[in-house]
Amino acid sequence: MRRVAALALPALVVLAAEPLYVLVDTAVVGHLGRTQLAGLAIGGSVMSLAVWLGTVLAYGTTGRAARRFGAGQRAEAVEEGVQASWLALAGGFTILLVLEAAAGPLSRALAGGPGDVAANAEHWLRIAALGAPGLMLGTAGNGWMRGVQDTRRPLYYVLAANALSAALCPLLVYPAGLGLIGSAVANVTAQTVVGLLFVRALVSERVALRPRPAVILNQLTLGRDLLLRGAAFQACFLSASAVAARFGVAALAAHQIAIQLFFFTALALDALAIAAQSLVGAALGGERVAEARLLARRITLAGLVAGGLFAGLVALALLAVRPWFGADAQVYAEARHAWWFFVAMMPAAGVVFALDGVFLGAGDVGYLRNLTLVSALGGFLPGIWLAYLVDAGLRGVWMALTLFIALRLIGLLHRLAGDRWAVAGAVR
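Let me begin by describing the structure that accompanies this report. None of the values given here were measured: they were computed from a predicted structure.

**Structural notes on the overall build of the protein chain**
Of the regular secondary structure elements, the protein chain holds 14 helices and 0 strands. For the protein chain, the succession of helices and strands along the chain, N to C, is α-α-α-α-α-α-α-α-α-α-α-α-α-α. In terms of C-alpha radius of gyration, the protein chain reaches 22 Å, essentially the compact-globule figure of 22 Å for 428 residues. For the protein chain, the spread of C-alpha atoms along the principal axes amounts to about 55 × 50 × 35 Å. Out of the 428 residues belonging to the protein chain, those deemed buried represent 53%. Put simply, of all contacts in the protein chain between residues at least 6 apart along the chain, 84% involve residues at least 24 apart. Roughly 18,300 Å² of accessible area belongs to the protein chain as shown, and the carbon and sulfur atoms make up 68% of that amount.

Next comes the structure, spelled out in structure tokens:
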């Protein structure tokens, strides 16, 4: 468990750095006016797609690198990082070109037509898109370095880049007179710096840097499964918001408060999943199956404990809904309908997120994909639309979300009890 903590705590700081910087950026831009802030919101929502794609790449790389590292093949583990970085670079430039071509139409579509908000979003997005290659390189770097159980250097890289950006943002926005564009320049600077730092880390390993199409193809296959799994999550959360909106403005506002807190807890619990990926992947790569099973049980227990602690914090957080989020009496009443389902699902969610990390580390991505699709299509989506048809309100929305977590928990525990996930060897 000390090994788990040594990997999870630095990973937690890295995971939290980006949301904290976004809060700083939002606060700085918010003082420019509502149209600039709305433009940042639209541009940021588009760029979040690049962040999601990068996260998928990082998760796929960690498991593959961890297996190689556990087999005593550090150079080959770093080689996974080299190929992931080539893939990231290609993906980053593709995102850059697409966004430069589509920034105007996208901004106008999301803003509901031409106007000041759309213009601000387009200008911000055209500059911010220049950071996509660096952003993707950074996520690939995080992936392979977690695989070789080095979470300290990524911590320093990400903190240094985000601190630089947080310092630059107010200076560029106000004294330099760049306004909203200054925010975009600060973003690009941070993403480019962090990308270059991870490239420097690769070069320092003294491995071959040429692309290997066969390895890249294998990584793309793994990425396909992770993208399908991620798409199922996106469909669930978008459907939850869409149905909550049909129950009225107060229900939607209450749902927004609860779901954002859920995302925050998921982010914190993901640090445990990252440690699980690295340690379980290394154990299986070194053909230490008994150790991998022991790790899986210990990490499952840690997930349960962490989920239980968050359940207590979430229960207490209900007291802060009105003073922190400015919720009126109606929004607070709606929030209470969802809140106790939120609290009840936390211990199960802790186990689910921990086991996600275990099976990602084991390379059992096909099972995770299928389980998520079955839980979404066979449980959550029918449940959420049934809640709408029977007018179950926000309570029905969160019952469906709880069902989604419960189905995934059952499937993951069933898989853990069997032998098919624990495949030993440097390559699954």
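**Concerning the environment of I257**
Relative to the helices and strands, I257 is located in helix α9 (residues 249-285). For I257 and A38, which are 219 residues apart along the polypeptide, the C-alpha to C-alpha distance reads 19 Å.

**Some details on the packing of aromatic side chains**
Following the criterion strictly, the structure yields 11 aromatic pairs and no others. Both rings, one in W385 and one in Y388, keep their centres 6.1 Å apart while their planes meet at 90°; by these two values the pair is edge-to-face. Of this pair, W385 and Y388 both sit in helix α13 (residues 365-389), separated by 3 residues, roughly a single helical turn. Y388 sits in the partly exposed class, given a relative accessible area of 35%.

**So, empty space enclosed by the protein**
In this structure the tally under the stated criterion is 1 cavity of 30 Å³ or more. The calculated volume of the largest cavity comes to roughly 30 Å³. Lining the largest cavity, in full, are P10, A11, V14, N142, R146, T151 and P154. When residues in the lining of the largest cavity are grouped by element, the largest group, 3 residues, is from helix α1 (residues 2-30). Here the lining of the largest cavity is built from residues that sort into 4 nonpolar, 2 polar and 1 charged.

**Side note on the packing of helix α12 (residues 329-361) against helix α14 (residues 393-417)**
Interaxial distance between α12 and α14 falls to 9 Å at its minimum, and their mutual angle equals 20°. When the axes of α12 and α14 are compared, the pair comes out roughly parallel. For the pair α12 and α14, the crossing hand works out as left-handed. Of the residues assigned to the contact of α12 with α14, the class counts are 20 nonpolar, 2 polar and 5 charged.

**Here we look at the pattern of salt bridges**
A complete count under the given rule lists 16 salt bridges for this structure. Here D225 makes a salt bridge to R369, at a shortest N to O gap of 2.6 Å. Of this pair, D225 sits in helix α8 (residues 213-246) while R369 sits in helix α13, and the two are 144 residues apart along the sequence. This pair shows no difference in class: D225 is buried, exactly as R369 is. In this structure, E291 and R288 form a salt bridge, with 2.7 Å as the shortest nitrogen-oxygen distance. Since its relative accessible area comes to 24%, E291 is described here as partly exposed. Accessibility expressed as a relative area gives 34% for R288, which makes it partly exposed. Salt bridges sharing partners connect three or more residues here, namely R74, D150, R153 and E205.

**Some words on helix α2 (residues 34-70)**
With 37 residues, α2 extends 52 Å between its outermost C-alpha atoms, agreeing within 8% with the 54 Å of an ideal straight helix rising 1.5 Å per residue. V46 marks where α2 bends most, by close to 25°. Trailing α2 by a residue or two, G72 shows a phi angle of about 80°, which is positive.

**Structural notes on unusual backbone geometry**
Here the phi dihedral of Q149 falls at roughly 60°; this positive angle occurs in a residue that is not glycine. One can find Q149 in the loop between α5 (132-147) and α6 (152-173). Overall, the relative accessible area of 27% leaves Q149 in the partly exposed class. Unlike most non-glycine residues, D391 shows phi in positive territory, near 55°. Relative to the helices and strands, D391 is located in the loop between α13 and α14.

**Quick look at a nonpolar patch on the surface**
On the surface, a nonpolar cluster with roughly 520 Å² of combined accessible area is contributed by W385, L386, Y388, L389 and V390. Relative to the elements of secondary structure, V390 occurs in the loop between α13 and α14. With relative accessibility at 53%, the residue V390 sits in the exposed group.

Conventions and cut-offs
Residues numbered from 1 in each chain as written. Predicted model: local features only at pLDDT ≥ 70, side-chain atom pairs only at ≥ 80, totals over all residues. Heavy atoms only, no water. Helix = DSSP H or I, 4+ residues; strand = E, 2+ residues; numbered from the N terminus. Rg over C-alpha atoms; globule rule 2.2 N^0.38 Å. Buried < 20%, exposed > 50% of the residue type's maximum accessible area, 1.4 Å probe, protein only. Contact = heavy atoms within 4.5 Å. Areas by Shrake-Rupley, 256 points an atom, 1.4 Å probe, with all protein chains shown as cover. Phe/Tyr/Trp six-rings, centres within 6.5 Å; stacked < 30°, edge-to-face > 60°. 1 Å grid on protein atoms, 1.4 Å probe; cavity = no way out; pocket = protein on both sides within 12 Å on 5 of 7 lines; lining within 4 Å. Points joined across faces, edges and corners; volume = space filled by probe spheres on them. Nonpolar A, V, L, I, M, F, W, Y, C, P; charged D, E, K, R; others polar. Axes fitted to C-alpha atoms, helices over the stretch in contact; angles between N-to-C directions. Parallel < 35°, antiparallel > 145°, perpendicular 65-115°, else oblique. Left-handed = near helix turned anticlockwise from the far one by under 90°. Salt bridge = Lys/Arg side-chain N within 4 Å of Asp/Glu carboxyl O. Expected span 1.5 Å × (residues − 1). Bend = angle between axes of the 7 residues up to and from the residue. Patch = residues over 30% accessible without salt bridge, like charges linked within 9 Å, V, L, I, M, F, W, Y side chains within 5 Å.

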